[in-house]
Amino acid sequence: MDEILETLNSKQKEAVVKTEGPVLILAGPGSGKTRCITHRLAYLILQKHVNPAAILSITFTNKAANEMKIRTIKLLQEHNLKVKSLPWLGTFHASCVKILRREGKHLPYGSDFVIYDSKDQEETVKKSLLELHLDPKKFSPTNVLYTISSAKNELITAKEYVNHAHGYFQEIVAKVYPKYQSILRKNKALDFDDLIMETIFLFQEVPEVLHKYQNQFQYIQVDEYQDTNKSQYLLTKLLASNHHNICVVGDPGQGIYSWRGADIRNILEFEKDYPEVKVIKLEQNYRSTKTIISAAKQILEVNTDYPSMKLWTENFEGSRISIYEAYSEKDEALFLTDTIKSLLNYGENGEKLFQYSDFAVLYRTNAQSRILEEVLIREGVPYKLLGGVKFYERKEVKDVLAYLKFLANPADMIAWERIQKLGKRRSQKFIDWKEKSNLEKSSSAEILDSILKETGYLEYINNGSEEGISRVENVKELRSVAQSFDRLQDLLENIALIQDEVTPEGQKTDDQNNNSVVLMTLHSAKGLEFPIVFLAGCEEGLLPHSRAMTDKHELEEERRLCYVGITRAKQKLYMTYASKRQIFGAETFGAISRFIEDIDKDLLSWEQ
DNA sequence: GGTCACACAGTTTTT
DNA sequence: CTGTGTGACC
């Protein structure tokens, strides 16, 4: 039975078998964290005979949740256990929605609420401003929303906010927040922050509900704990307050989300909350070369906010980190394209060593991807762009979703207003159709088809231009998503919470999908690894970003971001910077990033 | 009701 | 530079 522990190192084993009481796993990059958590789940079920339904395992992204699900199932199967059920495995938001929907009878808005995404939220803020006769140009909805969201993350309600408001802007927000909240409720909508906040309030106001879930979840696991905000922290604390079987995993050195409310103190002070805590440090790295680990540590060790981990590895020394000073951003793109091509053809001994999918290009801002794409296309290098403008945020997708959302929830005035903006005649046709059709019997794809047909929406967006054609493509893509969800409600819930990666250009061939260079921001690279990594734009002003250079804590976060980027690389790391770069159309000159200068010179080799 | 031109903003991003 | 959104004008 102990064979489940066989493939683990001693620290990992310790973390797996310590199932009772609070555990804090500090896991450096590449230290086998996911492996550790999935084994722990399997160990609980196989060895401790814990009912899977009694385990709550929380991750930050759906991607992580999925991966964990797959790996856990595989592990259980390997040990010949047929699983009747799996642990609750999902994001904070998905878990809270599940609870709220179940407990609808305790909620004033019931179980059938809709979930507003950030665009919907912004619309709602704008509407609130207008109703209060405030000018959205003076008080940017983005900023107001950001302030409200921060308040919600701190569990400050609309009523209380006025007592926390400092300064003119926040006093304005103190007026908008209650309005915003009342519009949400009128529309039977919750925003993302509400999902967590409302669950906590439910727990606090209806103790028997809290007790129910405290009893159900005998074991709680939270991943990426350094990225939790106050409400998420409180939620787990409430659930674990009886049995204290809470295992949190994280790495303060990889905290890169403070700008959206993550509070690194949650992990740093975990020991204060649970004095009996067992702390386990996973510091052996299995991913990268000694050179890469040394460089990463040297960059991170400059930080003083809290102690860094003592990462080490038994891996090879590896080659030096290549630094390239480009003349311009175009030159930078050419350099890395050429490098990819040359490594593709000849390894060091002349044989073909790498394929496209072994390379990743990481950068600080999405805007940097444009020139990279341009050059990669021209040079015929297949690439996959992760992130960028989100599929579900595109105008045409939001439009079609507005029709669907309004059908599912006629109280949703934000959706209705969006529909009206698409033309009076079109909305009238839509309403007429809605009256006479039987929606109960139709699948979501059928409903979508009818709407497109009745309103002539496709003709409306397709003006024959390249733009128009790609918009039609996107709507078709949405239709193919709809096909996998028969019930309209299921489709909408999935879109609101999961927001799976959808490739707007439609189905790509397997070859393109699986064998391409990957382009993404440093933020979205967390958790991934690649044999060869290019860190582009290592310039003062970009990495660290100019907006973060004046504040010590923000600067430390930039450093962690750089650390995250470097530790994605398994074999070889390139760091490039451009002495001249176009930013917002203007030519700017940037100096080499201080992060490169923090690395020992004997770990670096300068290209050309 | 729809189109076109101008203004304007513009880290990071998950849910 | 470039995508988005608003408002004036047909």
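Not measured: the values here are computed from a predicted model.

## Focus: the overall build of chain A
Then, number 1: Along the backbone of chain A there are 27 helices and 19 strands.
Then, number 2: Against the globule reference of 25 Å for 608 residues, chain A gives a C-alpha radius of gyration of 25 Å, in line with a compact fold.
Then, number 3: With the C-alpha coordinates of chain A rotated into their principal frame, the extents come out at 70 × 60 × 55 Å.
Then, number 4: Taken over 608 residues, chain A has a buried fraction of 54%.

## Thoughts on the pattern of salt bridges
Then, number 1: The tally for this structure, following the rule as stated, stands at 35 salt bridges.
Then, number 2: For the salt bridge of Lys570 with Glu529, the shortest nitrogen-to-oxygen distance reads 3.4 Å. With Lys570 in strand E16 (residues 569-578) and Glu529 in the loop between helix H25 (522-525) and strand E15 (530-535), the pair connects residues that are 41 residues apart, well separated along the chain.
Then, number 3: The class for Glu529 is partly exposed, based on a relative accessible area of 38%.
Then, number 4: With a shortest N-O distance of 3.4 Å, Lys552 and Glu556 are connected by a salt bridge.

## Section: the sheet that holds strand E3 (residues 88-91)
Then, number 1: Taken in spatial order, the 6 strands make up an open sheet running E3-E2-E6-E7-E1-E8, and their pairing is parallel. The open sheet has two edge strands with one neighbour each: E3 and strand E8 (278-282). Going from strand to strand, the sheet's axes swing by 15° on average, the running direction of each strand aside.
Then, number 2: Both strand E1 (residues 23-27) and E8 contribute to a ladder of 5 bridges, which runs parallel. When the sheet's bridge partners are listed, Val23 is paired in E8 with Lys278.

## Considering helix H18 (residues 413-421)
Then, number 1: Among the residues of H18, those classed as buried are Ile414, Ala415, Trp416 and Ile419.
Then, number 2: Packing partners of the buried residues in H18 comprise strand E4 (114-116), helix H5 (118-131), helix H17 (395-408) and helix H19 (424-436).
Then, number 3: Between a side-chain oxygen at the N-terminus of H18 and the backbone nitrogen of Ile414 the separation is 3.2 Å; the capping residue is Asp412.
Then, number 4: Phi for Gly423, located one or two positions after H18, is positive at around 115°.

## Points about the protein's contact with DNA strand B
Then, number 1: For DNA strand B, the set of nearby residues contains 28 residues, the closest of which are Asn62, His93, Arg364, Lys424 and Thr521.
Then, number 2: Backbone sugar and phosphate groups make up 54% of those atoms of DNA strand B lying within 4 Å of the protein.
Then, number 3: A distance of 3.2 Å separates a sugar or linking oxygen of DNA strand B from a polar atom in the side chain of Arg260.
Then, number 4: Counting only elements with at least two residues in the surface near DNA strand B, the list comes to H19, H25 and helix H26 (552-566).
Then, number 5: At 3 residues, H19 tops the list of elements feeding residues into the surface near DNA strand B.
Then, number 6: Along the lines of polarity and charge, the residues of the surface near DNA strand B split into 7 nonpolar, 12 polar and 9 charged.

## Details of the protein's contact with DNA strand C
Then, number 1: Neighbouring DNA strand C are the residues Lys126, Arg370, Phe584 and Gly585.
Then, number 2: Protein-adjacent atoms of DNA strand C, using a 4 Å cutoff, are sugar or phosphate at a proportion of 58%.
Then, number 3: Lys126 has a polar side-chain atom sitting 2.7 Å from a phosphate oxygen of DNA strand C.
Then, number 4: In the environment of DNA strand C, a phosphate oxygen lies 3.5 Å from a nitrogen or oxygen atom belonging to the side chain of Arg370.
Then, number 5: By residue class, the composition of the surface near DNA strand C is 1 nonpolar, 1 polar and 2 charged.

## Structural notes on unusual backbone geometry
Then, number 1: Residue Pro544 is reached from Leu543 by a cis peptide bond, and omega for that bond is 5°.
Then, number 2: Inspection of the secondary structure puts Pro544 in the loop between E15 and H26.
Then, number 3: The backbone of Gln608 shows a phi angle near 40°, a positive value even though the residue is not glycine.
Then, number 4: Considering the arrangement of structural elements, one finds Gln608 in the segment after strand E19 (604-606).

## Describing the confidence of the model for chain A
Then, number 1: Of the residues in chain A, 94% have a pLDDT of 70 or more, and the chain-wide mean is 87.
Then, number 2: Low confidence marks residues 504-512, where pLDDT is under 50. Its contacts with residues over four positions away, or in another chain, come to 10 contacts.

## Notes on the sheet that holds E19
Then, number 1: The strand order E13-E14-E12-E15-E16-E11-E19 describes an open sheet built from 7 strands, whose pairing is parallel. Single-partner strands in this sheet number two, and they are strand E13 (383-385) and E19. Sheet twist, expressed as the mean angle between neighbouring strand axes with direction ignored, is 25°.
Then, number 2: The sheet contact formed by strand E11 (residues 321-326) and E19 spans 3 bridges and is parallel. The residue of E19 that forms the bridge with Ile321 is Leu604.
Then, number 3: Lying on the sheet, helix H16 (residues 369-378) is in contact with strand E12 (359-363), E13 and strand E14 (517-521); it crosses E13 at an angle near 160°.
Then, number 4: Along the sheet, H26 makes contact with E12, E15 and E16, crossing E16 at roughly 130°.

## Description of the pairing of E3
Then, number 1: With 4 bridges joining them, strand E2 (residues 55-59) and E3 adopt parallel strand pairing. What sits directly across from Ile58, in E3, is Gly90.

## Focus: the packing of helix H8 (residues 167-186) against helix H9 (residues 192-205)
Then, number 1: Look at H8 against H9: their axes get within 13 Å of each other, and the N-to-C directions meet at 85°. Looking at the two axes, H8 sits roughly perpendicular to H9. Each of Tyr177, Gln181, Leu184 and Arg185 in H8 lies in contact with H9, whose residues at this interface are Asp194, Met197 and Glu198.
Then, number 2: Along the lines of polarity and charge, the residues of the contact of H8 with H9 split into 3 nonpolar, 1 polar and 3 charged.

Basis of the calculations
Residues numbered from 1 in each chain as written. Chains lettered and ligands numbered in written order. Predicted model: local features only at pLDDT ≥ 70, side-chain atom pairs only at ≥ 80, totals over all residues. Heavy atoms only, no water. Helix = DSSP H or I, 4+ residues; strand = E, 2+ residues; numbered from the N terminus. Rg over C-alpha atoms; globule rule 2.2 N^0.38 Å. Buried < 20%, exposed > 50% of the residue type's maximum accessible area, 1.4 Å probe, protein only. Salt bridge = Lys/Arg side-chain N within 4 Å of Asp/Glu carboxyl O. Pairing = 2+ DSSP bridges. Axes fitted to C-alpha atoms, helices over the stretch in contact; angles between N-to-C directions. Contact = heavy atoms within 4.5 Å. Polar contact = N/O pair within 3.5 Å; in protein donor to acceptor, adjacent residues only side chain to side chain. Near = heavy atom within 4 Å. Nonpolar A, V, L, I, M, F, W, Y, C, P; charged D, E, K, R; others polar. pLDDT = per-residue confidence, 0-100. Parallel < 35°, antiparallel > 145°, perpendicular 65-115°, else oblique.

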